[in-house]
Number of protein chains: 4
Amino acid sequence: MCRWDRLLGTPVFLSQVLFQPEHSLIDQSLHSRMGVETTNGDGFGVGWYTQDMDTPAVLRDVGPAWNNRNLLEVAHHVRSGLFFAHIRASTGTAVQQTNCHPFLNGRWMFMHNGAISGFHRLRRDLALAVDQDLYLDIEGSTDSELMFFLALTFGLTEDPPGAVARMAGLVEKAGHAHDIAHPLQMTLAVADGERVWVFRYSSEGRSRSLYFSTKVDTLRALHPDAAFLRDISDETRLVVSEPLGTFPGAWNEVPESSYGIIQPGGDALHAFRPHPQGDSARS
Amino acid sequence: MCRWDRLLGTPVFLSQVLFQPEHSLIDQSLHSRMGVETTNGDGFGVGWYTQDMDTPAVLRDVGPAWNNRNLLEVAHHVRSGLFFAHIRASTGTAVQQTNCHPFLNGRWMFMHNGAISGFHRLRRDLALAVDQDLYLDIEGSTDSELMFFLALTFGLTEDPPGAVARMAGLVEKAGHAHDIAHPLQMTLAVADGERVWVFRYSSEGRSRSLYFSTKVDTLRALHPDAAFLRDISDETRLVVSEPLGTFPGAWNEVPESSYGIIQPGGDALHAFRPHPQGDSARS
Amino acid sequence: MCRWDRLLGTPVFLSQVLFQPEHSLIDQSLHSRMGVETTNGDGFGVGWYTQDMDTPAVLRDVGPAWNNRNLLEVAHHVRSGLFFAHIRASTGTAVQQTNCHPFLNGRWMFMHNGAISGFHRLRRDLALAVDQDLYLDIEGSTDSELMFFLALTFGLTEDPPGAVARMAGLVEKAGHAHDIAHPLQMTLAVADGERVWVFRYSSEGRSRSLYFSTKVDTLRALHPDAAFLRDISDETRLVVSEPLGTFPGAWNEVPESSYGIIQPGGDALHAFRPHPQGDSARS
Amino acid sequence: MCRWDRLLGTPVFLSQVLFQPEHSLIDQSLHSRMGVETTNGDGFGVGWYTQDMDTPAVLRDVGPAWNNRNLLEVAHHVRSGLFFAHIRASTGTAVQQTNCHPFLNGRWMFMHNGAISGFHRLRRDLALAVDQDLYLDIEGSTDSELMFFLALTFGLTEDPPGAVARMAGLVEKAGHAHDIAHPLQMTLAVADGERVWVFRYSSEGRSRSLYFSTKVDTLRALHPDAAFLRDISDETRLVVSEPLGTFPGAWNEVPESSYGIIQPGGDALHAFRPHPQGDSARS
């Protein structure tokens, strides 16, 4: 079980999201209210896009986020308009940097909160479905990283919703072949530097929490006196595992079995269902 | 705030105390019930005495105890009749190996749960009181390590209760000079390889919890059917921040403002009060 | 490129081999004379068998061995009659605990100095050859760990020389299929708690250095005045990447393309060649 | 013994200095040519100033720089016109983040290559000379951090050369009182975000190497065809322990017993000698 934050919009210091809010991600790492595990101390990561750079940067480490000095330094000195942050509670795999989210591949960034049930039994079958050339870049041992590489194999960079649907379909097919009733539990975020796709889905229909913030102009109308709302752009959006505070009207739950696209110009929300996998998943 | 365990008696694998009990120290690291902080993930240490060796060994690291592989390996393969274990929740000082308990000096081992109030203001005054030759061995930046070096300065290796009383008296004197009402909060354990001294004291009379286990022969009489009690010696004793389970009759609270000596042949419990410090603490 | 030590015989403190000799493994970590890389600072591991325990213990960490406090503590307080020690120089894969040698599986311990050429291209093919049930336990991303799991798949616990020959044959076959002229460079050590098998082989016939120590009774005859030789048993044997000193007559090079068995009662040295792999390697 | 780099001028990615040059700092960490120790694998740090921020950021860790992923990520994504980089070879003190350079205090940044001879004997005397309020912020156990706090005590933020001279004088006075012939060996760099002061001094007159790069306009005249010289500003200056390459005319040695000021508008080079300390160093 893990928690995460992401932001799109006016460049801000990462610390403004990670450390300052009332129920910030750092606070959640010690005392999650909605998560399956209350403590998320098995590693963390932040990934951020910067102007003039195609690829995102990532800072990951194996200790808890709450006492990490490098995270504190970077969060207070790096500004970004699109970044991911993740705190990890291991569900059994090793606590190591290569198992920390977000995962990167070129300009793509990926993070996950959830699990593949019975992953140990499915791991080899799923690994075999990864494209030969992509396989070389797998570094860790988590289900999450493998989901990323499967999605890349199935066309993530061309059609994110389709690729994730095919990945989810393959996981469910492999799980059912091993008599696992509910193979997949996933809350995903994927970005390419300009847009963010978020997915909320689980085989049993009880997915982990996922919230997005209300549009800034709507919030301004609701709270004409809130000074900080004047400093941020209309495009600023937060997607989080748990609301960062109790600002009225600010947080909306992403519905079960759906995905959203957050992008300059206008967001979109759609139904999500895994793509049933036949014998030729890649075709 | 921190939690700890110590054991004296029949050599056992460290894992029998650290990992196996119902509410083991590792479980406490995630979900302490009695501690000031519920999560103790800012480093850990185990120190153990082995036969034929004068000095104890120590394994310390900066991550949480609950996910540390080396701790798991050592705990399952090292046997000792006298060992300390400690999980740390930093109260502000750096998360680094040299700030992890237990601290060693020759054959002496020391661990602490508590804090010096306003330590930042007192730190230099207290450091000045450490013996010149001992000062060189201070490696970390915690109040706890400084308390150890002050106790060593005041004769810990000759008279542990007296040295701890003089150390506590100096801390209170320095604190009062800075208008700190309740300078000291301490639950201490000190060992020399054969005996263990434990102290429970705080300036305000509300010290952190400390328990010791009932003598094994008493427990055997209470629970004639408990098989595991037959395998351990009469001398086996546990001193813990929190009971490791709910075995009836097994746990006794150390009273406020007192100290105990656990040793082969017979334990002892005495009142403890700091030694008022005049101008010549060492005389 | 890596360096290693192993010992079989009278239980000694690990430090007597790791830290005390003139050109100890710790010294080699900073200044290897014979290795491909002069610095081996990308992690280390020690694995040791103890009496009354079926499985070995392992201590591994990602920093250099030369400054690791936990290694120093354990080496000075743990005694073993059979242990492995390894210092790592990464050839590209991540510096993480799960990539550090020795690797364990039940009572088996395995370490490697060498590399599979073009491993990135062969990785997926080799991973597919690992037994389904064993595959689940792969935690890291090195060629070495994969070689261990292939050897386990091919019967390591029943017939170590045969299993290693089949593993080496598969690596060469996969390499040749990718037009790699000399796919394998390996100096291996494998133990089951009572015996040690060591292998020196490379596809191009220029394997990395490997030495074993002369039998203690032979050394005693050569050096009747060497006091330390009186304290160790006839069975004590060292196998090392580089001699630990210049004691005359003490070190013998393992010949190219050969393997040895070190065991109570009498050692053996044999020729080694990979087992040519057809379509059904496991049969 | 340690190595370092610093840069002042046109904002560049840190990687352009740390990783790309022929004999980069990362290469020096493995194979220093001029240092006392050839391997510098006991921790590293980079500190950088960014626009719109008063205080610098720092990334420090305990492993070697050459295999650190976070350093690689930050160096390739962070741009700065003034930054410090340091690789550490411990001379005995613990390998921990708080012992890694550069050290920060407000907008001041400090790094050191050298040592106080017999530091263990002088440590307490020197610590006592640190200002009471500053003392609270000492986190590590190195001679270098203590030199920084002594310089701060003696007025570093008002008069860097004077404060460093007083610090050096105190170290020499304390050393001589303990019969240490040559107490101080220092190559220092200090910055406030706009200027950099560098010092080269040792009690015995054999200070560690220190180089600064030739002015860019001079280099342009020497090498009219060197394309990269056109992309950097006239103000760009590098100060390094060892030249980063062999570009003719690019590197000048800082003379023994001298200090330099690198600043927009014009550099300066002066003689340096410690300020003899009487009984009242701070007056």
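Anything mentioned here points back to the structure above.
Overview of the structure. (Residues numbered from 1 in each chain as written. Chains lettered and ligands numbered in written order. Predicted model: local features only at pLDDT ≥ 70, side-chain atom pairs only at ≥ 80, totals over all residues. Heavy atoms only, no water.)

Let's shift gears to the interface of chain D and chain C. Taken together, the 12 residues of chain D in the interface contact 12 residues of chain C. Between chain D and chain C lies a buried interface of about 870 Å² when both sides are counted; carbon and sulfur atoms form 50% of it. In terms of surface lost to chain C, no three residues of chain D exceed Thr39, Trp66 and Asn67 of chain D, which account for 37% of the buried area on that side. Where chain D touches chain C, the interface holds zero salt bridges. Along the contact surface separating chain D from chain C lie four residue pairs in polar contact (both at pLDDT 80 or more). Partitioning the side of chain D that touches chain C into residue classes produces five nonpolar, five polar and two charged. (Contact = heavy atoms within 4.5 Å. Buried area = accessible area lost by both parts, 1.4 Å probe. Salt bridge = Lys/Arg side-chain N within 4 Å of Asp/Glu carboxyl O. Polar contact = N/O pair within 3.5 Å; in protein donor to acceptor, adjacent residues only side chain to side chain. Nonpolar A, V, L, I, M, F, W, Y, C, P; charged D, E, K, R; others polar.)

With the rule as written, the count across this model stands at 20 salt bridges over all chains. Here aspartate 192 of chain B makes a salt bridge to arginine 195 of chain B, at a shortest N to O gap of 2.9 Å. The class of arginine 195 of chain B is partly exposed, set by a relative accessible area of 31%. A salt bridge links glutamate 253 of chain B to arginine 200 of chain B; its shortest N-O distance comes to 3.6 Å. Residue glutamate 253 of chain B is found in strand S11 (residues 251-253), and its partner arginine 200 of chain B is found in strand S8 (residues 196-202); the two are separated by 53 residues along the sequence. Glutamate 253 of chain B gets classed as partly exposed once you look at its relative accessible area, which sits at 43%. Accessibility expressed as a relative area gives 7% for arginine 200 of chain B, which makes it buried. Each of the salt bridges in this network shares a partner with another, and the network as a whole consists of Arg107, Asp192 and Arg195 of chain A. (Buried < 20%, exposed > 50% of the residue type's maximum accessible area, 1.4 Å probe, protein only. Helix = DSSP H or I, 4+ residues; strand = E, 2+ residues; numbered from the N terminus.)

When chain A is fitted onto chain D, the two copies agree to an RMSD of 0.0 Å after a turn of 180 degrees and an axial shift of 0.0 Å. Here the symmetry operator amounts to a two-fold rotation axis. When C-alpha positions in chain A are compared against the rotation axis, the closest is assigned to valine 78 of chain A, at 4.2 Å. (Least-squares fit on C-alpha atoms with pLDDT ≥ 70 in both.)

With that settled, consider the sheet that holds strand S12 (residues 258-262) of chain A. Residues and elements named next belong to chain A. Strand order in the open sheet formed by six strands is S5-S6-S7-S8-S12-S13, and the pairing between neighbours is antiparallel. Edge positions in the open sheet fall to strand S5 (103-105) and strand S13 (268-271), since each of these has one partner strand only. Averaged over all pairs of adjacent strands, the angle between their axes in this sheet comes to 15 degrees, without regard to strand direction. Of the strand pairs in this sheet, S5 and strand S6 (residues 108-116) are connected by three bridges, and their pairing is antiparallel. Across the sheet, residue leucine 104 finds its bridge partner in S6, namely methionine 109. On top of the sheet, helix H7 (residues 160-177) reaches S6, strand S7 (184-191), strand S8 (196-202) and S12; it is set at about 155 degrees to S7, its chief contact. (Pairing = 2+ DSSP bridges. Axes fitted to C-alpha atoms, helices over the stretch in contact; angles between N-to-C directions.)

Right, let's talk about the pairing of S8 of chain B for a bit. Residues and elements named next belong to chain B. For S8, a buried count of seven out of seven residues is recorded, marking the element as mostly surrounded by other parts of the structure. Residue alternation in S8 divides its side chains into two sets, Val196, Val198, Arg200 and Ser202 and Trp197, Phe199 and Tyr201, and both sets are buried. Here strand S7 (residues 184-191) folds back onto S8, and the loop between the two strands holds four residues, one of which, glycine 193, carries a positive phi near 105 degrees. By the bridge criterion, five bridges tie S8 to strand S12 (residues 258-262) in an arrangement that is antiparallel. Note that in S12 the partner of valine 198 across the bridge is glycine 260.

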